[in-house]
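# An overview of the molecular structure
Given next are the chains, with one letter for each unit.
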Amino acid sequence: MAVTKAERRLRIRRHIRSKVAGTSERPRLSVFRSNTGIYAQIIDDTAGRTIVAASSKHVTAGETPVATAAAVGKELASRAQEKGITQVVFDRSGYLYHGRVKSLAEGAREGGLKF
């Protein structure tokens, strides 16, 4: 049987998550991309809690989805700076590193996060 796009992404996601884990010193920046929006959160996997989150629903910037994703990355970085977070581990959740995912990562780097 053919593997669907969603099954392929989940397999890649499991592979990434086996190697990437967030600690309290260096939490994980997780990305979720839907057809209409993009969501990002910084997670401490040892405590099992979300520290900071941002989404395109609450950020109004950019006319294109790529520009909106960059604005979400900058907003997430500024919220993380307020909590004292400067370094993160990037988790692309099985998505290819281009387009909105890449734009969000670059926006977070511009905002001051290091990964």
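Data block above holds the structure.
In short, a report on the structure. The model shown is predicted, which means the values in this text are computed figures rather than measured ones. Per chain, residue numbering runs from 1 following the sequence as it is written. Given that the model is predicted, a residue must reach a pLDDT of at least 70 before its local features are reported, and side-chain atom pairs must reach 80 or more before they are shown or counted; all residues, however, enter totals for whole chains, interfaces and linings. To get the side-chain values, take all heavy atoms of the structure and skip hydrogens and water.

## A closer look at the overall build of the protein
What counts as a helix is a DSSP run of H or I of at least four residues, what counts as a strand is a run of E of at least two, and both are numbered from the N terminus. In terms of helices and strands, the protein carries three helices and four strands. Ordering the α and β elements of the protein from the N terminus gives α-β-β-β-α-β-α. Summarising its shape, the C-alpha atoms of the protein cover approximately 50 × 35 × 20 Å along the three principal directions. For the protein, with 115 residues in total, the buried portion stands at 40%. Throughout, a contact is declared for two residues whenever any of their heavy atoms are within 4.5 Å. Residue pairs in contact within the protein that sit at least 24 positions apart in sequence constitute 61% of those at least 6 positions apart. Accessible surface for the protein amounts to roughly 6900 Å². Of this, 50% is attributable to carbon and sulfur atoms. The sign given to each residue is positive for Lys and Arg and negative for Asp and Glu; His and the chain ends receive no count. All charge positions are set by atom: Lys at NZ, Arg at CZ, Asp at CG, Glu at CD. Separation of charge centres in the protein, based on 21 positive and 10 negative side chains, amounts to 7 Å. Only protein chains enter the accessibility calculation, which uses a 1.4 Å probe; a residue whose area is less than 20% of its type maximum is buried, one above 50% is exposed, and one in between is partly exposed. Surface exposure here means Shrake-Rupley accessible area, sampled with a 1.4 Å probe, where a residue is shielded only by the protein chains that are shown.

## Concerning the nonpolar core
To form a nonpolar core, buried Ala, Val, Leu, Ile, Met, Phe, Trp, Tyr and Cys residues must be joined to one another through side-chain atoms within 4.5 Å. Ranked by internal contacts, the top residues of the largest apolar core, which has 24 residues, are Leu 29, Val 31, Ile 42, Leu 76, Ile 85, Leu 104 and Leu 113. When residues in this core are grouped by element, the largest group, six residues, is from helix 2 (residues 65–82). Excluding residues within four positions of it along the chain, Ile 42 makes contact with Pro 27, Arg 28, Leu 29, Arg 49, Thr 50, Ile 51, Val 52, Leu 76, Ala 80, Ile 85, Val 88 and Leu 113.

## A word on unusual backbone geometry
Positive phi, close to 60°, is recorded for Ser 93, a residue that is not glycine. Summarising the element assignment, Ser 93 is placed in the loop between strand 4 (89–91) and helix 3 (100–111). Looking at Ser 93, the relative accessible area reads 3%, which means it is buried.

## Things to note about the pattern of salt bridges
Pairs may arise between side chains of opposite charge once their charged atoms sit close together. Between Lys or Arg on one side and Asp or Glu on the other, a salt bridge is scored when a side-chain nitrogen of the former is within 4 Å of a carboxyl oxygen of the latter. All chains considered together, the criterion is met by five salt bridges. Note that Asp 45 and Arg 28 form a salt bridge whose closest N and O atoms lie 2.9 Å from each other. Of this pair, Asp 45 sits in the loop between strand 2 (38–44) and strand 3 (49–55) while Arg 28 sits in strand 1 (residues 28–33), placing them 17 residues apart in sequence. Several salt bridges share partner residues, and in doing so they unite Arg 17, Arg 28, Asp 45 and Asp 91 into one network.

## Description of the sheet that holds strand 1
Reading across from one edge, 3-2-1-4 is the order of the four strands in this open sheet, with mixed pairing throughout. Edge positions in the sheet fall to strand 3 and strand 4, since each of these pairs with one other strand and no more. The mean inter-strand angle of the sheet, taken between neighbouring strand axes irrespective of direction, is 20°. Looking at chain direction, strand 1 and strand 4 are connected through three bridges and run parallel. When the bridges of strand 4 are listed, Arg 28 appears paired with Val 89. Between N-to-C directions, angles span 0 to 180 degrees; the directions come from axes that are lines fitted to C-alpha atoms, helices contributing only their stretch in contact. The sheet contacts of helix 2 involve strand 1, strand 2 and strand 3, and relative to strand 3 the element is tilted by about 140°. The sheet contacts of helix 3 involve strand 1, strand 2 and strand 4, and relative to strand 1 the element is tilted by about 145°. Between any two strands, pairing holds if DSSP finds at least two bridges.

Functional significance is not addressed by these values, which are geometric in nature.
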